[in-house]
Amino acid sequence: MPRLVHAEEVWGTVVALDLRSDSQSEEALKSVRDDMVSYFYEIDRLFSTYKPESEISRLRIGELAISDASPVVQEIWQLCREARECTEGAFDPWAARGGFDPSGYVKGWAADRALDMACKAGIEHVQINAGGDISLLGGLAIGEPWSIGIRHPDDDQAIAQIVTLADGAIATSGTYERGAHIVDPSTDLPAIGARSATVVGPDGGVADALATALIVAGRNGAHWFVELTDYSAWVVDRHGDQTWAIGPAFS
Amino acid sequence: MKRALFIGSGTIAGVAAVLAYAPTNFGSSPQSSPSALPGTGGSTTPVTGTTSTSTPNQTKTPAASTASKTATGRSYSACGYGNVQVRITVVNGVVTRAAAVSYPNGDPRSQFINKQAIPWLQQQTLTAKNSSKISGVGGATCTSGAWTSSLQSALTTAGL
C-alpha cells in the first residue's frame with residue numbers, strides 16, 4: 001500500500017502526516033501532502049500570534065475589526081464563542097494575555113480541513129498529528145482502526161492510555177507542556193483543574209477546546225459531556241494517580 | 001449537528017450540574033469549588049441548590065464505613081423540560097454512580113436527555129500501558145525532546 005510520512009515544523013510545533021492509500025499512487029500522495037503543507041502555512045499566516053502582520057495579531061492590537069477580517073477568521077471567532085459558551089467560560093480565547101488567541105481551537109480545526117483535502121483526493125487512511133493533537137481518517141487500513149497512545153503526564157516516554165478510533169479527533173492538553181500556558185480565565189492564574197485531559201470526538205477544534213477547558217475545570221467539566229454525546233474525555237486529576245473517564249470512547 | 005449541540009448546552013446545564021457537582025459534597029474532588037467556574041446564569045442556581053439541599057434526603061453514614069451509601073438530591077426544574085431528581089451512590093467517599101430517579105417525559109428532546117443524563121465517571125488509577133501496538137502518540141509536548149521521541153515512536157510503530 002503506498003504510504004507517505006512527513007513532518008513539518010509549523011504552527012509553533014511539529015505537524016506529522018501519515019498518508020496511506022489503497023488506490024492512489026505515491027505521486028498522488030505527494031501532491032496531496034504538498035497541498036496540505038501549503039494550507040498549514042496559509043493558516044499560519046492568518047492566525048499566528050507571533051507574526052505581527054497576521055490578521056489575529058492585527059485583531060489583538062485593535063488594528064483590524066472582526067467584521068473586516070477574512071471569512072475564515074470570522075468563522076473561528078464564532079466557533080470559539082460557541083466553545084466558550086459550551087464550557088461555561090473555561091475555554092476562553094478572549095481571556096488570553098494580549099487579547100483574542102484562538103490557537104487552541106485553530107490547530108484541531110485546521111487539521112480537520114487538511115484531512116478533508118486528503119479525503120477529497122481519494123486517500124483513504126490519514127493521520128495528522130499536530131503537536132500531539134490528532135485528526136484521523138479511515139483507520140490505518142480497511143477494518144483496522146488507528147490505535148493512538150496518550151502520553152503519561154509524568155513521563156514523556158510512557159503511554160498512559162490507548163484510544164482506538166477509525167475517524168475523528170483526539171486532543172490532549174496537559175499542565176506538563178512547556179510554559180504551562182493554560183490560564184484559568186476566572187482567576188488569570190495557571191489552570192489547576194487537571195494534570196492531563198484527553199478528548200475524543202468528531203471535530204478537532206471542539207476536541208481541542210474541550211481538552212483545554214478540562215484542564216481549567218477538572219471534574220466540574222464532566223457535565224459538559226452529558227450533552228456532547230459524540231465526545232468522550234479521559235482526565236488525570238491534578239494530584240495523585242486517579243483518573244476519570246466519561247463517554248463512549250472510554251466505556 | 002455540532003452547532004445544535006452547542007446551542008442546546010445552556011438548557012441542560014441545570015440537569016448536568018446536579019450530577020457533576022455531587023462529588024463535591026463528599027469531599028472526593030478537592031478542586032471543585034462551584035465558584036471557581038465562571039458559570040453561566042443558567043447553571044448558577046442549580047449548583048447552589050445542590051450544595052445546600054443534598055442534606056435533607058441524605059442517608060450518609062460516618063466516613064469510616066466502607067458500605068455503599070446513597071443520597072438523593074432535591075428535584076429541579078430542567079429549564080422548562082420538567083423536573084429532574086438524582087440519586088447518587090457513594091463508596092468510601094467517592095461517587096460511583098449517579099442516576100436520575102425522576103426526569104422530564106414527553107418530547108423527544110427530554111427523552112434524549114434522560115438517556116444521557118446519567119454520567120458514569122469511570123475511575124481508575126493512572127498506570128503506564130503497553131505501547132507496542134500503537135500507530136500514533138497523542139499529548140506529546142511542545143518541547144523538542146519529548147516531541148522527537150513521540151514522533152519517532154509514532155512513525156516507527158505506525159508501520160506495524
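Rules behind the numbers
- Residues numbered from 1 in each chain as written.
- Chains lettered and ligands numbered in written order.
- Predicted model: local features only at pLDDT ≥ 70, side-chain atom pairs only at ≥ 80, totals over all residues.
- Helix = DSSP H or I, 4+ residues; strand = E, 2+ residues; numbered from the N terminus.
- Buried ≥ 20, exposed ≤ 12 C-beta atoms within 10 Å, placed from the backbone.
- Contact = placed C-beta atoms within 7 Å.
- pLDDT = per-residue confidence, 0-100.
- Axes fitted to C-alpha atoms, helices over the stretch in contact; angles between N-to-C directions.
- Parallel < 35°, antiparallel > 145°, perpendicular 65-115°, else oblique.
- Left-handed = near helix turned anticlockwise from the far one by under 90°.
- Nonpolar A, V, L, I, M, F, W, Y, C, P; charged D, E, K, R; others polar.
- Core = buried A, V, L, I, M, F, W, Y, C linked by C-beta atoms within 7 Å.
- Pairing = 2+ DSSP bridges.

Q: How should I be thinking about the overall build of chain A in this particular structure?
A: Per the secondary structure count, chain A includes six helices and 12 strands. Out of the 251 residues in chain A, the part that is buried amounts to 55%. When contacts within chain A are restricted to residue pairs at least 6 apart in sequence, long-range pairs at least 24 apart make up 55% of them.

Q: Is there a simple way to explain the overall build of chain B in this structure?
A: Each helix and strand in chain B was counted, giving five helices and six strands. Counting from the amino terminus, helix and strand elements in chain B follow one another as α-α-α-β-β-β-β-α-β-β-α. Looking at the 160 residues of chain B, the share that counts as buried comes to 34%. Contacts in chain B between residues at least 24 apart in sequence constitute 42% of all its contacts with a sequence separation of at least 6.

Q: What exactly am I supposed to notice about the confidence of the model for chain B here?
A: Low pLDDT marks regions whose predicted coordinates should not be analysed in detail. All names here are of chain B. On average, residues of chain B score 48 in pLDDT, and 14% of them are at 70 or above. Averaged pLDDT values over the elements of chain B bottom out at 32 in helix α3 (residues 41-53) and peak at 78 in strand β5 (residues 122-125). Counting interchain partners and residues more than four positions distant, the pLDDT-below-50 stretch residues 1-65 has 124 contacts. Every residue in residues 104-119 scores below 50 in pLDDT, and together they form 33 contacts with partners more than four places removed in sequence or on other chains. Complex prediction metrics read pTM 0.69 and ipTM 0.82.

Q: Explain the packing of helix α3 (residues 71-86) of chain A against helix α4 (residues 103-120) of chain A here, please?
A: Packed helices, taken two at a time, are described by the angle their axes make and the gap between the axes. All names here are of chain A. It is at 10 Å that the axes of α3 and α4 come closest, and there the two elements cross at 115 degrees. By the angle between their axes, α3 is roughly perpendicular relative to α4. The element α3 and its partner α4 pack so that their crossing is right-handed. Taking contact as the criterion, the partners of Ile-76, Leu-79, Cys-80 and Ala-83 in α3 are, on α4, Tyr-105, Val-106 and Trp-109. When its residues are assigned to classes, the contact of α3 with α4 shows seven nonpolar, no polar and no charged.

Q: For this particular structure, what's the right way to read the packing of helix α1 (residues 26-47) of chain A against α4(A)?
A: Residues and elements named next belong to chain A. Between α1 and α4, the shortest axis-to-axis distance is 10 Å and the interhelical angle comes to 155 degrees. For the element pair α1 / α4, the angle class is roughly antiparallel. Once α1 is placed against α4, the crossing between them reads as right-handed. Residues Val-32, Asp-35, Met-36, Tyr-39, Phe-40, Ile-43 and Phe-47 of α1 lie in contact with α4, whose contacting residues are Ser-103, Val-106, Ala-110, Arg-113, Ala-114, Met-117 and Ala-118.

Q: Help me understand the nonpolar core in this model?
A: When a protein is soluble and globular, its nonpolar side chains tend to lie buried together. Judged by nonpolar contacts, the single largest core of 79 residues is most densely connected at Ala118(A), Ile128(A), Val199(A), Ala207(A), Leu210(A), Leu214(A) and Ala233(A). Here this core takes 10 residues from helix α5 (residues 204-217) of chain A, the largest share from any one element.

Q: Help me out: how do you make sense of unusual backbone geometry in this one?
A: Trans is the prevailing form of peptide bonds, just as negative phi is the prevailing case for residues other than glycine. Residues and elements named next belong to chain A. Although it is not a glycine, Trp-11 sits at a positive phi angle of roughly 60 degrees. Locating Trp-11 in the fold gives a position in the loop between β1 (3-10) and β2 (13-20). Residue Trp-11 is classed as buried on the basis of its 20 C-beta neighbours within 10 Å. Although it is not a glycine, Asp-188 adopts a positive phi angle of roughly 65 degrees. Its place among the elements puts Asp-188 in the loop between β8 (183-184) and β9 (189-190). According to the C-beta neighbour criterion, Asp-188 is exposed, with 9 such atoms within 10 Å.

Q: I would appreciate a short explanation of the sheet that holds strand β6 (residues 136-138) of chain B in the present structure.
A: Note: strands within a sheet are paired through backbone hydrogen bonds, in either parallel or antiparallel orientation. Within the open sheet, the three strands sit side by side as β6(A)-β5(A)-β6(B). Their pairing is mixed. The open sheet has two edge strands with one neighbour each: β6 (155-165) of chain A together with β6 of chain B. The sheet shows a mean angle of 40 degrees between the axes of neighbouring strands, taken without regard to direction. Note that strand β5 (residues 146-152) of chain A and β6(A) share seven bridges and pair antiparallel. Residue Ile150(A) lies in a different strand from β6(A), and its bridge partner there is Gln161(A).

Q: Would you mind going over the sheet that holds β5(B) with me for this structure?
A: As summarised here, the arrangement of the nine strands in space is β1(A)-β2(A)-β3(A)-β4(A)-β7(A)-β10(A)-β11(A)-β12(A)-β5(B), forming an open sheet in which the pairing is antiparallel. Edge positions in the sheet fall to β1 of chain A together with β5 of chain B, since each of these pairs with one other strand and no more. Each adjacent strand pair in this sheet contributes to an overall mean axis angle of 10 degrees, direction not counted. Bridge analysis of strand β4 (residues 133-137) of chain A against strand β7 (residues 168-174) of chain A gives three bridges, and the strand direction is antiparallel. Counterpart to Ile134(A) in the pairing with β7(A) is Ile170(A). Contacts from α4(A) reach β2, β3 (125-130), β4 and β7 of chain A within the one sheet, and its direction differs from that of β4(A) by about 25 degrees. Sheet strands touched by α5(A): β4, β7, β10 (194-201) and β11 (232-237) of chain A. Its angle to β10(A), the strand with the most contacts, is close to 160 degrees.

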